[in-house]
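# Examination of the molecular architecture
One letter stands for each residue in the lines below.
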Amino acid sequence: MANLTINGKSYTLDVEPDTPLLWAIRENAGLTGTKYGCGIAQCGACTVHLDGTAVRSCGITVSEAVGKQITTIEGLASDNGLHKVQQAWLENDVPQCGYCQSGMIMAVAALLKDNPKPSDQDINDAITNICRCGTFAQVREAIHAAANA
Amino acid sequence: MNQHVTPRLNRRSFVVGAAALGGGLALGLDIPFGGPQIVRAADGSPEVNAWVVIRPDDTVVIRIARSEMGQGSLTGLAQLVAEELACDWSKVTTEYPTPGQNVARKRVWGDFSTGGSRGIRSSQDYVRKGGAAARMMLIQAAADEWKVPVAECTAANSVISHKASGKTTTYGKVAEAAAKLTPPADVKLKDPKDWTLIGKGVKRLDTADKVTGAMMYGADVTLPNMLNAAIKDCPVTGGKLKSYDEAKIAGMKGVKKVVAIDGTAVAVVADTWWHAKTALDALPIVWDEGENAKVSSASIGKWLAEGLESGPAYVGNENGDAKAALASAVKKVEAVYNYPYQNHATMEPMNATAVYTADRCEVWCGTQNGEAAFAAVLEASGLPAEKCEVHKLILGGGFGRRGQTDYVRQAVKIAKELPGTPVKLIWSREEDMTHGRYHPITQCKLTGGFDADNNLTALHMRISGQSILFSLRPEALVNGKDPATFQGLASSGEATIGYSVPNLLIEHSMRNPHINPGFWRGVNVNQNAIYLECFMDELAAAAGQDPLEFRRKLMSKNPKHLAVLNAVAEKIGWGSAPPEGVYRGLAQLHGYGSYVAGAAEISVIDGTKIKVHRIVASTDPGYVVNPAQVERQIAGSFVYGLSALFYGGCTVRDGRIEQTNFDSYNSMRIAEMPKVEAIMVPSGGFWGGVGEPTIGVAAPAVLNAYFAATGKRIRSVPLRDQNITFA
């Protein structure tokens, strides 16, 4: 059993402490917006926020997340509507297949929180998620659009 | 119907839904565009015809038979229907008919397969007619109601008007009446010059749920009481499952069952996938790897190299007498190239969810070929078509991989062992990397001959290597030979060579290693364009000529090939000096019915680090349905193609694929993305594909620029093998 706080809500989950956070989120909490891509923290499809910092949830365990605020793609929007990154993604028609985009959006939201006006080089350094469809040009445009929103 | 945006997994099937609503059923009636009885969608709204459902609130539901995997054809196909339907685009939504419904309705939606860049081009005629027929019926229904001649009525933006009387109505108000009409026999399509929606870069229809996490992919399917499965197939293709020690994992948490499949694979079924995977990793398995375990990349390479020199070959394109002309050539140039296996590495690993009982089998999955998946369900379940169904979901990438149905078959086989319990099978990334349907491996020896005036008089290409059709579509072989290996090199058809050489011989020596080949975005143009376009650069250099001018002289009989090449040359400023330290390369090809070219600007640091600054790309696909999506497909194809060039390449050791995850099979990141400038020059009169053709020009354009920068030829992919990487 583990108590996790996901998107501001408390979950008591029947899960072993060494389970990767990704699978606890997907299978035990039932939040499937966070995706499995590689399981070895290479691709970033599983990116969530842990106390506001972007982490690859396949690479950390449930026990490491206990007591922390976990935010997933489902919790990014507020009562006032979509997060500005989601809005920019919509306006720039970013996703193709879309499978990597939850992680991409979470990584970008964390970047903009720390660095509200990132340069292209900042983006290159911070955003290392894999997108096999190749949406990078739209991702970059949308990051700048969100930064200027 | 499966709503593509938010699949309603618990929704009753179309048949049940329509019957419960008391709607007249036309299932099984062979009426291509509807009929006198009203066919109803699951929510009770009338089908005007198979492609168009109109709800009372004027929502237009357009049926999409082809699969959406990111390429955007769901939106493009809807544009094609809506253009002729003259409906309000803001009221358009889409849904997938299911393969089972297509079978029950005698394939009213035609082919579901989504590959070969055919989604738009192979459907455009009948889906536009579907939209036009629906418009005619809706107008007829309004005219009937108003008792005025139909010719006096017009439709625009989902509103029907009768000018003389000033009457207007909407599609939603007359849809019931329209659905009862006999479909028109003669349907005329708009002249392309009158299109207002086709050709417009409207936004995709499937984006909203992709930014909130709500989009349901196959891996996200959740059904009541569902169990989860992880699988390991024999690491060596052709090998067998010998034994496994189930007792060793018997007490592990959540484990429900261990299932052997087809004598080659073993799956663990558990309450969660993580439990299933953990137990599978702990399960001792003994494989009988068989003879193929002796195969390595070195042994394959040696076998293919022999095919360059000896043995029978299949002639794919020939004119003149290339061998004689080469024998008498004043100057000869020769080179050997190779291209490796590549994994599709879709972001979403293979998966499928199945539930089986003695009289029903249903599957939920992402598939590029709903009907092939349906056939796999029938075969694996042993049940007849009327007892099976496949619910298609949006794909987390396809690139050709999800045209195969191995994972669907496995899911059904597992579910059969647990009747009544839904089971979701997800492949680990490691399983996905090592059990792909790989881009085929080939080598190519090219020989060119010049006369005393530096005119190219002869070209001989001998390709040696794997055939995709031999393994996946043997019925498409011609006398045992594979014409598809000449993609981009043929004398006629949708993928022709752009050069006229007086003496030409292009041949293929088929050699099929045990590694399963597959259709991988771009398929055979990936290697053929490198072989031909890099070698054309070699020939130009040997003749002391500019690569563009050298090509142009050989392309006068192929004006469409030439036009796209000229377009990129002009845009990149070929002939003017590039910025300091920047070098350029060119490539062109014809594939999937489209003419494409690319020009790259790169710089090279220390000979080993390549910065791709810019790629200008042009395409003539005949017609452009959605330029915003075409632009994205071009740029995306370069990410896929350049990832393969720089980082890709799957190697074989002890009969198995060595690369197991993105740490050993890397993919481009945003930092490595060049600026891509797309030029669309649709010349009309034909329909070419978009998703694939441009992938072929990225690699040779960059390799030719590398030569311009360094004077060195790279003839082997991937670049990581030569310690060359992105700067």
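Residues numbered from 1 in each chain as written. Chains lettered and ligands numbered in written order. Predicted model: local features only at pLDDT ≥ 70, side-chain atom pairs only at ≥ 80, totals over all residues. Heavy atoms only, no water.

### Details of the overall build of chain B
Using the following cut-off: In this text, helices come from DSSP runs of H or I with a minimum length of four residues, and strands from runs of E with a minimum of two, each type numbered from the N-terminal end. Taken over C-alpha atoms, the radius of gyration is set against a globule rule of 2.2 Å times the number of residues to the power 0.38. Residue burial is assigned from relative accessible area. The probe radius is 1.4 Å, only protein chains are included, and a residue is buried under 20% of its type maximum, exposed over 50%, and partly exposed in between. Should any heavy atoms of two residues lie within 4.5 Å, those residues are counted as being in contact.
Scanning chain B for helices and strands turns up 17 helices and 29 strands. Taking 2.2 N^0.38 as the reference for a compact globule, 727 residues should give roughly 27 Å; the C-alpha atoms of chain B span a radius of gyration of 27 Å, in line with that estimate. Buried positions account for 63% of the 727 residues belonging to chain B. Across chain B, contacts joining residues at least 24 apart in sequence account for 76% of those joining residues at least 6 apart.

### So, the side chain of B:Lys277
All names here are of chain B. Summarising the element assignment, lysine 277 is placed in helix 6 (residues 273-282). Its relative accessible area of 18% is what places lysine 277 among the buried residues. Beyond its immediate chain neighbours, meaning those up to four positions away, lysine 277 contacts Ala230 and Ser428.

### Remarks on the domain arrangement of chain B
Residue and element names in this part refer to chain B. Note the threshold: Start and end points for every domain follow an automatic or database-based domain assignment. Buried area adds together the accessible area that both of two parts lose upon being put together, with accessible area traced by a 1.4 Å probe. A side-chain nitrogen of Lys or Arg and a carboxyl oxygen of Asp or Glu constitute a salt bridge if their distance falls within 4 Å. For the purposes of these results, a polar contact is taken to be a pair of N or O atoms within 3.5 Å, where, inside protein, one atom must be able to donate a hydrogen and its partner to accept one; residues adjacent in sequence count only when each atom of the pair is a side-chain atom. Residue polarity follows a fixed list, in which Ala, Val, Leu, Ile, Met, Phe, Trp, Tyr, Cys and Pro are nonpolar, Asp, Glu, Lys and Arg are charged, and the others, Gly among them, are polar.
By domain assignment, chain B separates into domain 1 (2-206), domain 2 (218-290 + 350-426) and domain 3 (312-342 + 438-726). Taking only C-alpha atoms, the centre of domain 2 and the centre of domain 3 are 38 Å apart. Listed as interface residues are 8 residues of domain 2 and, on the opposing side, 10 residues of domain 3. Taken together, the two surfaces of domain 2 and domain 3 that pack against each other cover about 740 Å², and 52% of this comes from carbon and sulfur. Sorting the residues of domain 2 by area buried against domain 3 places Thr237, Phe399 and Gln404 first, and these three jointly supply 63% of that buried surface. Inspection of the region where domain 2 meets domain 3 yields 1 salt bridge. The salt bridge involving arginine 656 is made with glutamate 289; its shortest N-O contact spans 2.6 Å. Our count for the domain 2 to domain 3 interface comes out at 2 residue pairs in polar contact (both at pLDDT 80 or more). Its residues assigned to classes, the side of domain 2 that touches domain 3 shows 3 nonpolar, 3 polar and 2 charged.

### Side note on the packing of aromatic side chains
Residue and element names in this part refer to chain A. Counted only if it meets this: Stacked, tilted and edge-to-face pairs are distinguished by plane angle, under 30 degrees for stacked and over 60 for edge-to-face with tilted covering the rest, among Phe, Tyr and Trp rings (Trp via its six-membered ring) whose centres lie within 6.5 Å.
Counting across every chain of the model gives 17 aromatic pairs over all chains. Ring centres of tryptophan 23 and tyrosine 36 lie 5.1 Å apart, and the angle between their planes is 55°; this geometry places the pair in the tilted category. You can see tryptophan 23 sitting in helix 1 (residues 21-28) and its partner tyrosine 36 sitting in the loop between helix 1 and strand 3 (47-50), a full 13 residues away along the chain. By relative accessible area, which is 3% here, tryptophan 23 ends up buried. Overall, the relative accessible area of 5% leaves tyrosine 36 in the buried class.

### What to know about the interface of chain A and chain B
At the interface, 50 residues of chain A touch 56 residues of chain B. Interface area for chain A against chain B, summed over the two sides, is near 4,400 Å², with a carbon-plus-sulfur share of 57%. Inspection of the chain A/chain B interface yields 4 salt bridges. In this structure, B:Asp220 and A:Arg26 form a salt bridge, with 2.9 Å as the shortest nitrogen-oxygen distance. Here chain A is connected to chain B by 32 residue pairs in polar contact (both at pLDDT 80 or more). Of all the elements in the fold, those that place two or more residues in the side of chain A that touches chain B are helix 1, helix 3 (84-91), helix 4 (101-114), helix 5 (120-126) and helix 6 (136-147) of chain A. Here the side of chain A that touches chain B is composed, by residue class, of 23 nonpolar, 17 polar and 10 charged.

### So, the environment of B:Lys387
All names here are of chain B. Of note, lysine 387 is situated in the loop between helix 9 (370-381) and strand 18 (388-392). It is 48 Å that separates the C-alpha atoms of lysine 387 and asparagine 338, two residues lying 49 residues apart in sequence. Those residues in contact with lysine 387, other than ones at most four positions away along the chain, are Asp359, Arg360 and Cys361.

### Description of the pattern of salt bridges
Residue and element names in this part refer to chain B. For the coordinates displayed, the defined rule picks out 53 salt bridges over all chains. Between arginine 511 and glutamate 306 there is a salt bridge, with the nearest N and O atoms lying 3.9 Å from each other. You can see arginine 511 sitting in the loop between strand 22 (503-510) and helix 13 (525-542) and its partner glutamate 306 sitting in helix 7 (residues 297-309), a full 205 residues away along the chain. When its relative accessible area of 12% is taken as the criterion, arginine 511 is described as buried. Salt bridges sharing partners connect three or more residues here, namely Lys571, Arg584, Glu601, Arg614, Lys675 and Glu677.

### A short note on unusual backbone geometry
All names here are of chain B. In the segment running from valine 717 into proline 718, the intervening peptide bond is cis, with an omega of 5°. Here proline 718 is to be found in the loop between helix 17 (695-710) and strand 29 (725-726). Positive phi outside glycine occurs at asparagine 157, with the angle close to 55°. With respect to the helices, strands and loops of the structure, asparagine 157 is situated in the loop between strand 6 (153-156) and strand 7 (159-162). Residue aspartate 654 is not a glycine yet carries a positive backbone phi of 50°. One can find aspartate 654 in the loop between strand 26 (652-653) and strand 27 (656-657).

### Structural notes on the sheet that holds strand 1 (residues 2-6) of chain A
All names here are of chain A. How we decide: Criterion used throughout: strands pair if DSSP finds at least two bridges between them. Between N-to-C directions, angles cover 0 to 180 degrees, with each direction set by a line fitted to C-alpha atoms, over the stretch in contact for helices.
Spatially, 2-1-5-3-4 is the arrangement adopted by the 5 strands of the open sheet, whose pairing is mixed. Two strands lie at the open edges of the sheet, namely strand 2 (9-13) and strand 4 (53-56), each paired on one side alone. Within this sheet the neighbouring strands show an average axis-to-axis angle of 40°, counted without direction. Relative to strand 4, strand 3 is paired through 4 bridges, and the arrangement is antiparallel. Within the sheet, the bridge partner assigned to threonine 47 lies in strand 4 and is arginine 56. Most of the contacts of helix 4 go to strand 3, to which it runs at about 35°, and overall it touches strand 3, strand 4 and strand 5 (69-71).

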